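Listed here are the chains, written in short residue letters.
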There are 2 protein chains.
Amino acid sequence: MQRSSVTWRGAVWMMAVLAVGAASTPAAAQSGTLDAATLEEYIAFLSLPNDAANPADALANARFVQAMMQRRGIASELLYDIDRKAPPAVFGEVKTPGATKTIVFYAHYDGQPVVPERWAAGLSPFRPVAISRPIEQGGTVLGPWTPAARFPAGWRIAARSAADDKAGVMVALNAFRDPAGTAARLGVNVKFFFEGEEEKGSPHLRAILHAHSEKLTSDLWVMVDGPRHTAGYRTMVLGVRGVVDVGITIYGANRPLHAGNYGNWAPNPALRLAALLGSLKDADGRILIPGFYDDAVPATAAELAEIAKAPSMDATRQSLGIARTQGGGKLHGELVLLPGIEITGLRAGATGASAANVIPTEAEARLDMRLVKGDRIDRQLARLVRFVEAKGYYVLDRTPTAEERLAHPLIARVVSGFGYEAQRTALAEPMVTRVKHVLESVSPDRLVVVPSTGGSLPLSLFASELGAPMVTIPVVNADNNQHGENENVDPAFLATGITNIRAIMEDDFSDP
Amino acid sequence: MQRSSVTWRGAVWMMAVLAVGAASTPAAAQSGTLDAATLEEYIAFLSLPNDAANPADALANARFVQAMMQRRGIASELLYDIDRKAPPAVFGEVKTPGATKTIVFYAHYDGQPVVPERWAAGLSPFRPVAISRPIEQGGTVLGPWTPAARFPAGWRIAARSAADDKAGVMVALNAFRDPAGTAARLGVNVKFFFEGEEEKGSPHLRAILHAHSEKLTSDLWVMVDGPRHTAGYRTMVLGVRGVVDVGITIYGANRPLHAGNYGNWAPNPALRLAALLGSLKDADGRILIPGFYDDAVPATAAELAEIAKAPSMDATRQSLGIARTQGGGKLHGELVLLPGIEITGLRAGATGASAANVIPTEAEARLDMRLVKGDRIDRQLARLVRFVEAKGYYVLDRTPTAEERLAHPLIARVVSGFGYEAQRTALAEPMVTRVKHVLESVSPDRLVVVPSTGGSLPLSLFASELGAPMVTIPVVNADNNQHGENENVDPAFLATGITNIRAIMEDDFSDP
């Protein structure tokens, strides 16, 4: 899917890429262990191919999840959109006597497509094996997991979706099954919503939510997806930016022209595109489009306080080979609470071996436009178009006609793709405040609160369809290679995740 | 060859591309006819494959040219460079009793590589056939030429190198053979130099000229290559621009970064490249690099007078779909007497179907830098580097090290390719003045004098190795598809070319 990079995994990818060069996993993350039955079931789950492009595979996974629920006494059903062609979401519900609040736990059972030949020797996407550590960090194959196997601390399960996001399904359902054996009672009504098409960009999610909105009413959604902070800290994410991509094409002559014979005379669309894009930001990275920041809801004092507490990005900056960051020295967390535009693609003519001395006929840029709470896609796009027009361009959303080319010296085509707006749950939202309190109570280990990731997920879709607040609780290790080859998960992270999610289920949320 | 687009054909390509939409061939160009023996020999010549990449093919062509010379009583030899591996040049010489001046006629017998399957049905690169007009203009195959064939006016011979540049060899040698049968005597000593590697960028030409410079002494070189003006007018070209290509790479983080999660924070090399390139020129296209125009020898009054007389480019502008040209309204001919920079390639990240929401690690541009008389490659490159440095960049000619990345916020790699300088023969040069007089005397048909093409040829190499002045007299029709499929030549142009070149041979150049 073209949009795949800005779907759920977009928001959590940051932590994944930060993983390289991150500190080693703190001991806290390794607390807890998984019993043999839990591991055996998870290995079986990971053995099912789960690319949503294969409907039969998707359904087999959905049925497996239903069986997991059945073993835990959870009534389940498959939720389809009206066409019933897309992979279904698996829904489950358990009422808790006396509970006044209902929480839906979200995860997705589908995974990214695989390229098996890229996986390391001894690894295969749907034949889980134990490895000593991530392959990229020098890990070696320990062999298949068996109930009798004893592996050294830090071992991983290597398989597609071991981390993204069968881990979320696994953690949510095992949290429900009294993992500590304390027979503590649940404090809330629990619902589960396990999507089957997330890695394709959730194209039918809105329709499914819309068709089953009554069934999905709740007081809070807890999204169990994505990796924890790269340093291994527990993480709680309260929002995401919105996103829309934009294509800009500038036109020159209607056929390629010899750069020597026509240079100085014919307009060069590559030069014009450069001049246009070069005027988008000042030297500090501040966007110069009039009004671009006007609709953004400013960060609250509480959000700024969490950002100030967040671990430093300086080691990340250094590992990325960046001498100086943008944004006038503002913190990363503060910068991603601002709308943004990044150039993600430039193309005109040719460079390298295929270069020719030719003035290109057109020059194209792709922009990644991010929105924050308060921003609207239509208003931001209109501002961009007005900015281009103010530079003297005749702006179209299609290729110019021959007549238009001769009538307008400067022509730009500006088109936008699919997009969605931002979602940000306030820290002061009582259900969220309580989740934070629960997580801080269950363990002394550090909890990093992220007011918003810079990346995007279609959480605004849950907000607009269902209205409930939401919080994302990632549970897996950041060096999990999600989406790539040799995906892995650290079972100790799964165990800690189960403990944390269980704590949320046990609380009655009467305090807020 | 990477540099192929700026070799000989570069300079004449302008006229070729202008051909589309040009006026039909004036009657003048169709004066003269070729006799059957001349055509038969030419068809045989065109039947020899002549890609210089195949040494045996090249040698077969050189031997054929020697046989043509032998039939005309011209003593010939093959000129090699010291390694004797490259295709040889064919050299011939005829002394004229009483002559005081010597003129060398240049052409090349090699041709561009062919892709036979791209040629129209019935056409094959090395099986010449007659066509009614260019295939792209609706031409049809008339059949193979035979001595008995009678084709309608405007017919063409379709074959590789029919125009570029076996036509030059053919015209020069047939001009020597008293084509009008008047038994008029030659007025100058005549030499021939037919290169065999031009379409590969003439990599051994300097060595050949250097090794045989004594043999090649002359008072004038006449280059018989390239198409005449698109409107069919006779054309005389006095110079070419020099060229050097430049690659600029701007660096960001050392790995691709999620545009949402790192946007506003991480530097974006695509944005920086855009800002840098966008500052290269003002809105009128004038280059803002300090000193960039300082070394250029200004156009003389005589050159400006010829430019003012040149046919209007307005029909070309319209056919190209250009509403307004660059250069503040200056004429095309005047603009190509200025140095130039064109962006011929831009690349960063990805656009279109492969686009991703990623901040690229680097952004790359390719620039085509043109030089005019007076400009030196080293000085122009140094000015560009200083300009980039003045924007705050640390400039390298290689990839930065990890330490350099962390030490310098702005890093640019600037590298240059092979290049050569401009060549421009003054209109006032006596041999050139006389050529113009001869051409104006031999026919009342319009003669377009081009002080310099915008494109480039390594003519400066002849100038530096041999010192003689030079003039280019193109002879073939502009709609000849040189370098492409379905290459063709109008035999009427060949006949006119023979008449014109013969006139130069008959003059004794005693007047200057």
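This is a predicted model, so every value here is computed, not measured.

**Description of the overall build of chain A**
Of regular secondary structure, chain A possesses 15 helices and 21 strands. Against the 2.2 N^0.38 benchmark of 24 Å for 512 residues, chain A shows a C-alpha radius of gyration of 25 Å, consistent with a compact globule. Each principal axis of the C-alpha atoms in chain A carries an extent, and together these give about 80 × 50 × 50 Å. The burial tally for chain A puts 61% of its 512 residues in the buried class. Within chain A, counting contacts between residues at least 6 apart in sequence, those at least 24 apart form 80% of the total. For chain A, the computed accessible surface area is about 18,300 Å², with 53% contributed by carbon and sulfur atoms.

**Points about the domain arrangement of chain A**
Residue and element names in this part refer to chain A. Per the domain assignment, the segments of chain A are domain 1 (2–240 + 422–506) and domain 2 (242–296 + 338–420). The C-alpha centroid of domain 2 is placed 39 Å from the C-alpha centroid of domain 1. Each partner contributes residues to the interface: domain 1 has 12 residues there, and domain 2 has nine residues. Of the roughly 1,000 Å² buried between domain 1 and domain 2 on both sides combined, carbon and sulfur atoms contribute 47%. Remark: the boundary between domain 1 and domain 2 carries zero salt bridges. Taken together, the links from domain 1 to domain 2 amount to three residue pairs in polar contact (both at pLDDT 80 or more). By residue class, the composition of the side of domain 1 that touches domain 2 is five nonpolar, five polar and two charged.

**So, the pairing of strand β9 (residues 234–237) of chain B**
Residues and elements named next belong to chain B. Alternating residues of β9 divide into Arg234 and Met236 and Thr235 and Val237, and every residue in both groups is buried. Judged from the four bridges that link them, β9 and strand β19 (residues 447–450) form a sheet pairing that is parallel. Counterpart to methionine 236 in the pairing with β19 is valine 449.

**Overview of the relation of the copies chain A and chain B**
Superposition record for chain A on chain B: RMSD 0.1 Å, screw rotation 180°, translation along axis 0.1 Å. Those values place the two copies in the arrangement expected of a two-fold rotation axis. The rotation axis passes nearest to the C-alpha of A:Ala274 in chain A, at a distance of 2.0 Å. The share of interface residues of chain A whose copies in chain B are also at the interface is 100%, consistent with both copies meeting through the same surface.

**Regarding the interface of chain A and chain B**
The interface is formed by 86 residues belonging to chain A together with 86 residues belonging to chain B. Taking both partners together, chain A and chain B bury about 7,700 Å²; carbon and sulfur atoms supply 54% of that area. The interface formed by chain A and chain B contains zero salt bridges. Put simply, chain A and chain B have 37 residue pairs in polar contact (both at pLDDT 80 or more) between them. No other element matches strand β13 (residues 340–349) of chain A, which puts nine residues into the side of chain A that touches chain B. Considering only residue class, the side of chain A that touches chain B consists of 43 nonpolar, 30 polar and 13 charged.

**A look at the pairing of strand β13 (residues 340–349) of chain B**
Judged by how many residues are buried, β13(B) sits mostly within the fold: eight of 10 residues are covered. Bridge analysis of β13(A) against β13(B) gives five bridges, and the strand direction is antiparallel. In the strand pairing of β13(B), A:Gly349 is matched with B:Gly345.

**Section: helix α13 (residues 430–442) of chain B**
For α13(B), which comprises 13 residues, the first-to-last C-alpha distance of 18 Å matches the rise-based estimate of 18 Å (1.5 Å per residue) to within 8%. Every buried residue of α13(B) is accounted for by B:Met431, B:Val432, B:Arg434, B:Val435, B:Lys436, B:Val438 and B:Leu439.

**Quick look at the sheet that holds strand β6 (residues 156–158) of chain B**
Residues and elements named next belong to chain B. Taking strand neighbours across the sheet as the criterion, the four strands line up as β5-β4-β6-β21 in an open arrangement whose pairing is antiparallel. At either margin of the open sheet sits one strand with a lone partner, and together these are β5 (141–143) and β21 (488–489). Sheet analysis places β6 next to β21, joined by two bridges and oriented antiparallel. Counted as the bridge partner of alanine 158 is asparagine 488 from β21.

**Considerations on the confidence of the model for chain A**
All names here are of chain A. Model confidence for chain A is summarised by a mean pLDDT of 90, while 93% of its residues fall at 70 or above. In this model residues 1–31 is a low-confidence stretch, pLDDT under 50, and it forms 102 contacts with partners more than four residues away in sequence or in other chains. Complex prediction metrics read pTM 0.85 and ipTM 0.86.

**Brief notes about unusual backbone geometry**
Following A:Asp164, the chain continues to A:Asp165 via a peptide bond in cis, the omega torsion being 5°. As for its position among the elements, A:Asp165 is in the loop between β6 (156–158) and α4 (166–176). A positive phi angle, near 55°, is found at A:Ser202, a position not held by glycine. Summarising the element assignment, A:Ser202 is placed in the loop between β7 (189–195) and α5 (205–211). The phi dihedral of B:Ser161 falls on the positive side, at around 70°, and the residue is not glycine. Residue position: B:Ser161 is located in the loop between β6 and α4 (166–176).

**Considerations on the packing of helix α3 (residues 55–71) of chain A against α4(A)**
Residues and elements named next belong to chain A. Closest axis-to-axis distance for the α3/α4 pair is 11 Å, and the angle between their directions is 15°. With respect to α4, the axis of α3 lies roughly parallel. The chirality of how α3 crosses α4 is right-handed. Between α3 and α4, the residues in contact are Asn61, Val65, Met68 and Met69 and Lys166, Val169, Met170 and Leu173, respectively. Grouping the constituent residues of the contact of α3 with α4 by class yields six nonpolar, one polar and one charged.

**Some points on the side chain of A:Ser218**
Residues and elements named next belong to chain A. Relative to the helices and strands, serine 218 is located in the loop between α5 and β8 (220–223). Within the structure, the side chain of serine 218 is placed 3.3 Å from the backbone oxygen of leucine 220, a separation counted as a polar contact. Apart from the residues within four sequence positions on either side, serine 218 is in contact with Thr102, Val104 and Ala468.

**Concerning the sheet that holds strand β15 (residues 362–371) of chain B**
One open sheet accounts for 10 strands, arranged β16(A)-β17(A)-β11(A)-β15(A)-β13(A)-β13(B)-β15(B)-β11(B)-β17(B)-β16(B); its pairing is mixed. The open sheet is flanked by β16 (394–396) of chain A together with β16 (394–396) of chain B, the only strands paired with a single partner. On average, each strand axis in the sheet is inclined to that of its neighbour by 25°, with strand direction left out of account. Bridge count between β13(A) and strand β15 (residues 362–371) of chain A: eight bridges; the pairing is antiparallel. Residue pairing in the sheet places A:Arg347 in a bridge with A:Glu364 of β15(A).

**As for the side chain of B:Arg234**
Residues and elements named next belong to chain B. Turning to its location among the elements, arginine 234 is positioned in strand β9. No salt bridge is formed by the buried arginine 234. Its closest oppositely charged neighbour is aspartate 445, at 5.2 Å. A distance of 2.7 Å separates a polar atom in the side chain of arginine 234 from the backbone oxygen of aspartate 445. Only 2.6 Å separates the side chain of arginine 234 from the side chain of asparagine 500, close enough to count as a polar contact.

**Considering the packing of aromatic side chains**
Taken as a whole, this structure holds 24 aromatic pairs over all chains when the rule is applied. Where B:Phe105 meets B:Phe192, the ring centres are 6.2 Å apart and the plane angle is 35°; that geometry is what we call tilted. Within this pair, whereas B:Phe105 is found in strand β3 (residues 102–108), its partner B:Phe192 is found in strand β7 (residues 189–195), the two being separated by 87 residues in sequence. Residue B:Phe105 is classed as buried on the basis of its relative accessible area, which comes to 0%. Residue B:Phe192 is classed as buried on the basis of its relative accessible area of 0%. Taken together, the ring pairs in this structure connect A:Phe105, A:Phe176, A:Phe192 and A:Phe194 into an aromatic cluster. The ring of B:Tyr233 carries B:Arg446 above its face, with NZ or CZ at 5.0 Å from the centroid.

**Examining the pattern of salt bridges**
All names here are of chain A. In the structure shown here, the tally under the stated rule is 46 salt bridges over all chains. A salt bridge links lysine 309 to glutamate 306; the nearest nitrogen and oxygen atoms lie 3.4 Å apart. With lysine 309 and glutamate 306 both in helix α8 (residues 301–309) and three residues apart, the pair spans about one turn of that helix. Through salt bridges with shared partners, a single network forms among Glu306, Lys309, Lys436 and Glu440.

How each quantity is defined
- Residues numbered from 1 in each chain as written.
- Chains lettered and ligands numbered in written order.
- Predicted model: local features only at pLDDT ≥ 70, side-chain atom pairs only at ≥ 80, totals over all residues.
- Heavy atoms only, no water.
- Helix = DSSP H or I, 4+ residues; strand = E, 2+ residues; numbered from the N terminus.
- Rg over C-alpha atoms; globule rule 2.2 N^0.38 Å.
- Buried < 20%, exposed > 50% of the residue type's maximum accessible area, 1.4 Å probe, protein only.
- Contact = heavy atoms within 4.5 Å.
- Areas by Shrake-Rupley, 256 points an atom, 1.4 Å probe, with all protein chains shown as cover.
- Domains from an automatic or database assignment.
- Buried area = accessible area lost by both parts, 1.4 Å probe.
- Salt bridge = Lys/Arg side-chain N within 4 Å of Asp/Glu carboxyl O.
- Polar contact = N/O pair within 3.5 Å; in protein donor to acceptor, adjacent residues only side chain to side chain.
- Nonpolar A, V, L, I, M, F, W, Y, C, P; charged D, E, K, R; others polar.
- Pairing = 2+ DSSP bridges.
- Least-squares fit on C-alpha atoms with pLDDT ≥ 70 in both.
- Expected span 1.5 Å × (residues − 1).
- pLDDT = per-residue confidence, 0-100.
- Axes fitted to C-alpha atoms, helices over the stretch in contact; angles between N-to-C directions.
- Parallel < 35°, antiparallel > 145°, perpendicular 65-115°, else oblique.
- Left-handed = near helix turned anticlockwise from the far one by under 90°.
- Lys, Arg positive; Asp, Glu negative; His and termini not counted.
- Phe/Tyr/Trp six-rings, centres within 6.5 Å; stacked < 30°, edge-to-face > 60°.
- Lys NZ or Arg CZ within 6 Å of the ring centre and 35° of its normal.

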